[in-house]
Amino acid sequence: MSEEDRNAWETGRYGSGPPPSGGSQLDAWQQGQAIKNLNDAELQRQAAAGSGSTFSPSAPTFPTGGPTAPSGGWSPSGGGTTVPSGDTTTTTGGGLGCLLVPVLIILGVQLWVCLYPLSGLATLGTAVGVYLFLQGGLPKLPGAVNSSAVVIAFIIALVVLVVTSRLEQRLGRRAAYRIPRHVVRLGLFGLATNMLFLNYGGRALIRSGFAYIWRPFETPVQTAVVLGAIVGMHFLMWTDNGIRDTWHGLLEAIRLR
């Protein structure tokens, strides 16, 4: 067969162009188009059925010597090929979710301690203390986390969270408590910002002890970041604004205020 017929067959088979005007090239294009239609129909049927099996329907093929279809398509000789199944695609969303949840929990605990030092430290201390007290007395597998102690510690800490949160909200209505707490809040947010800044640069991880606490203003950039966080949190927590009102409304909705 001529090269023009082969090109016309490829055009029809892969849908890469319009049909020729007539003659043997149109016949070759129609043969390739017929294979394409059968291939598309079988793919749609298997996608709807969720099947990943192979298929080899009888279909018009280009005469011997025709072009070879690329991998994953139809062969001009009429042989079938395996259709990749959508079920074999590896999903990484679950793994990312498993990593994201602990990070969000840690950040949430840190935020709560900075906002409500009394409630946060009491809740965190209760959870750790109860777990350490129970882990030795409850049965568990060697080297495994004591799940029973975790559940009990979580429930008790949740009760402490509700009680101390409501208590701190009431104490916060008095200037004698609200003003010192605000100063402590700003210090905690400045410290947290400094730690995040240094960890991002990797320096807090190589310093001994708590050296990063006593040197929060080593560079102009670090100073600007820490002071910016302190000033920003001051206006956010001390003045009337939409974010503050929304946060208080959320606490009231879940009975923590």
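Please read these numbers as outputs of a predicted model, since none were measured by experiment.

Participant: How do you make sense of the overall build of the chain when you look at a structure like this?
Facilitator: Counting its regular elements, the chain contains nine helices and two strands. Secondary structure elements of the chain, listed N to C terminal, follow the sequence α-α-β-β-α-α-α-α-α-α-α. Taking all 257 residues of the chain together, 26% fall into the buried category. Here the analysis covers contacts within the chain between residues at least 6 apart in sequence; of these, 53% occur between residues at least 24 apart. For the chain, the exposed surface amounts to about 16,100 Å²; the carbon and sulfur share of it is 67%.

Participant: What is the right way to read the confidence of the model for the chain from this model?
Facilitator: Atomic detail in the predicted coordinates should be set aside for any region of low pLDDT. With 68% of its residues at a pLDDT of 70 or more, the chain has an overall mean of 75. Taken as a whole, residues 65-91 scores under 50 in pLDDT and shows 45 contacts with residues more than four places along the chain or in a different chain.

Participant: I tried to follow the pattern of salt bridges on my own but got confused; where do I start?
Facilitator: Under the definition given, this model contains three salt bridges. Residue R257 is joined to E252 by a salt bridge in which the shortest nitrogen-to-oxygen separation is 3.0 Å. Here E252 falls in the partly exposed class, since its relative accessible area comes to 41%.

Participant: Which parts of the structure should I look at to understand the layout of surface pockets?
Facilitator: The gaps left among the atoms become clear once a water-sized probe is rolled over them. Roughly 570 Å³ of volume is contained in the largest pocket. G108, V109, W112, T123 and L161 are the residues nearest the centre of the largest pocket, which is lined by 18 residues in total. Taken together, the elements giving at least two residues each to the lining of the largest pocket come down to α3 (93-115), α4 (117-135), α5 (147-171) and α9 (242-253). At five residues, α4 tops the list of elements feeding residues into the lining of the largest pocket. Considering only residue class, the lining of the largest pocket consists of 15 nonpolar, three polar and no charged.

Participant: What is the right way to read the environment of L158 from this model?
Facilitator: Mapped onto the fold, L158 is located in helix α5. On the basis of relative accessible area, L158 is assigned to the partly exposed category, the value being 42%. The sequence separation of L158 and T126 amounts to 32 residues, and the corresponding C-alpha distance is 9.4 Å.

Participant: Just to check I follow, could you spell out the packing of α4 against α5 for this structure?
Facilitator: How two helices pack is summed up by the angle between their axes together with the distance between the axes. Contact pair α4 / α5: the axes reach a minimum separation of 8 Å and the direction vectors enclose 160°. Considered as vectors, α4 and α5 are oriented roughly antiparallel to each other. Relative to α5, the crossing made by α4 is right-handed. Every residue of α5 that contacts α4 at P117, L118, S119, A122, T123, T126, A127, V130, Y131, L134 and Q135 is listed here: A149, V150, I152, A153, I156, A157, V160, L161, T164, S165, E168 and L171. Class assignment for the residues of the contact of α4 with α5 results in 16 nonpolar, six polar and one charged.

What counts and what doesn't
Residue positions are given per chain, counted from 1 along the sequence in the order it is written. Reporting in this predicted model follows two pLDDT cut-offs: at least 70 for local features of residues, and 80 or more for side-chain atom pairs to be given and counted; totals over whole chains, interfaces and linings ignore these cut-offs and use all residues. For side-chain calculations, the full set of non-hydrogen atoms in the structure is used, while hydrogens and water are omitted. Numbering goes from the N terminus for both helices and strands, where a helix is a DSSP run of H or I of at least four residues and a strand is a run of E of at least two. For the exposure calls, accessible area comes from a 1.4 Å probe over protein chains only, and a residue counts as buried if that area is under 20% of its type's maximum, exposed if over 50%, partly exposed in between. For this analysis, residues touch if any pair of their heavy atoms sits within 4.5 Å. Computed by Shrake-Rupley with a 1.4 Å probe, the accessible areas treat only the displayed protein chains as cover when residues are assessed. Each residue carries a pLDDT value, the predictor's own confidence for that position, ranging from 0 to 100. For this analysis, a salt bridge means a side-chain nitrogen from Lys or Arg found within 4 Å of a carboxyl oxygen belonging to Asp or Glu. Two kinds of site are reported from a 1 Å grid over the protein atoms alone, namely cavities, where a 1.4 Å probe fits but cannot get out, and pockets, open sets with protein on both sides within 12 Å along at least five of seven lines, and residues are called lining when an atom falls within 4 Å of a point. Grid points are joined across faces, edges and corners, and a volume is the space filled by probe spheres set on the points. The residue classification treats Ala, Val, Leu, Ile, Met, Phe, Trp, Tyr, Cys and Pro as nonpolar and Asp, Glu, Lys and Arg as charged. All others, Gly included, are polar. Angular values range over 0 to 180 degrees, each being the angle between N-to-C directions of two axes fitted as lines to C-alpha atoms, with helices fitted over their stretch in contact. Each angle gets one of four labels, with under 35 degrees taken as roughly parallel, over 145 as roughly antiparallel, 65 to 115 as roughly perpendicular, and the rest as oblique. Should the near helix be turned anticlockwise from the far one by less than a right angle, the crossing is left-handed, and should it be turned clockwise, the crossing is right-handed.

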